[in-house]
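The lines below spell out each chain.
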Amino acid sequence: MKLFVYHTPEEVPDGASPDCAIAIDVLRATSTMAAAFKVGVTAIHVFSDLALLRQAGETYPPAERLLAGERGGAKVEGFDLGNSPLDHTVERSSQRRLFMTTTNGTRCLERIQHAPMVLTAALTTRQAVVDFLLKRAPETVWLVGSGWEGTYSLEDTVCAGAIIERLATQLGQDLKTLTGNDSAIAAVSLYQQWQDQLLELLRLASHGQRLLRLDQDADLAYCAQLDVLDLVPIQSTPGVLVLS
Ligand code: MLT
């Protein structure tokens, strides 16, 4: 297995495709997707365009759907939910389809949606993603951070590093064998530096600070948890995620 890290969707090379591409948006889209599946959402349809999302969502009866929209960290007016993992409870979300748009996370998924295998990862699902990769053994894997409007995000890169570090340990391989680019090695170094202070790192990150200004400290605490959910969202058809 060879792992490559791209900090943002914009860094993903044109005209190439890995065996497996993994979208990461720790704050908060991929953490929220995992939380939604945990309480029984049946599928997640991702959109970057608000109007297209509304149009697709409205083909399902209101009792079977939830529309979730976030821009700039805040809920989009008129949507059922914003992008908080804590919004999802069994009562609200179980047996519903989630139609979701966020500033960066859904855009990241769109950028990699043509890869033959597309997953999402978060700190909360790190070990589940590692177990999935060990079982399926794809030859090339891209870990793609969502970043913020084209710029690097600490929280996505630390998650990529956490995945690579655990894979290296479980495979008994060194970084020279396992990594395909310098960003992958840098991601592991970031994780090794911060592994015991993940919440502090999320609070330091620029999007973490944006969310703190919006009183979302509880979301940061939720998203900083490592290995607490044993599930892996996987793309079934372009733009639609289900449980693997
Ligand atoms: C995004 O997609 O940019 C994020 O998930 C934003 C957020 O924290 O809601």
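A brief look at the structure comes next. (Residues numbered from 1 in each chain as written. Predicted model: local features only at pLDDT ≥ 70, side-chain atom pairs only at ≥ 80, totals over all residues. Heavy atoms only, no water.)

## With respect to the site of the ligand
- Inspection of the region around the ligand gives 13 residues, with Asn83, Thr102, Asn104, Gly105 and His207 positioned closest.
- One of the side-chain N or O atoms of Arg28 is found 2.8 Å from an oxygen atom in the ligand.
- Within the side chain of His207, a nitrogen or oxygen atom sits 2.6 Å from an oxygen atom of the ligand.
- Protein burial of the ligand: of its 280 Å² of free accessible surface, 100% is covered by the chains.
- Here the residues of the shell around the ligand sort into four nonpolar, six polar and three charged. (Near = heavy atom within 4 Å. Polar contact = N/O pair within 3.5 Å; in protein donor to acceptor, adjacent residues only side chain to side chain. Areas by Shrake-Rupley, 256 points an atom, 1.4 Å probe, with all protein chains shown as cover. Nonpolar A, V, L, I, M, F, W, Y, C, P; charged D, E, K, R; others polar.)

## Notes on the packing of aromatic side chains
- Within the structure shown, the criterion is met by three aromatic pairs.
- Centroid distance Tyr60 to Phe99: 5.6 Å. Interplanar angle 45°. Geometry classified as tilted. Taken together, the positions of Tyr60 in the loop between helix H2 (50–57) and strand E4 (65–71) and Phe99 in strand E6 (residues 97–101) put the pair 39 residues apart, joining distant regions of the chain.
- Of the residues examined, Phe99 reaches a relative accessible area of 1% and is grouped as buried.
- Taken together through their ring pairs, the aromatic side chains of Phe47, Tyr60 and Phe99 make up a single cluster.
- For the cation-ring pair, Arg210 lies above Trp148, with the distance from its terminal atom to the ring centre recorded as 3.8 Å. (Phe/Tyr/Trp six-rings, centres within 6.5 Å; stacked < 30°, edge-to-face > 60°. Helix = DSSP H or I, 4+ residues; strand = E, 2+ residues; numbered from the N terminus. Buried < 20%, exposed > 50% of the residue type's maximum accessible area, 1.4 Å probe, protein only. Lys NZ or Arg CZ within 6 Å of the ring centre and 35° of its normal.)

## Things to note about the pairing of strand E9 (residues 233–237)
- Pairing of E9 with strand E10 (residues 240–243) involves four bridges; the strand directions are antiparallel. The partner of Pro233 across the bridge, within E10, is Leu243.
- Hairpin connection, E9 to E10: the antiparallel pair is bridged by two residues, and Gly239 has positive phi, about 90°. (Pairing = 2+ DSSP bridges.)

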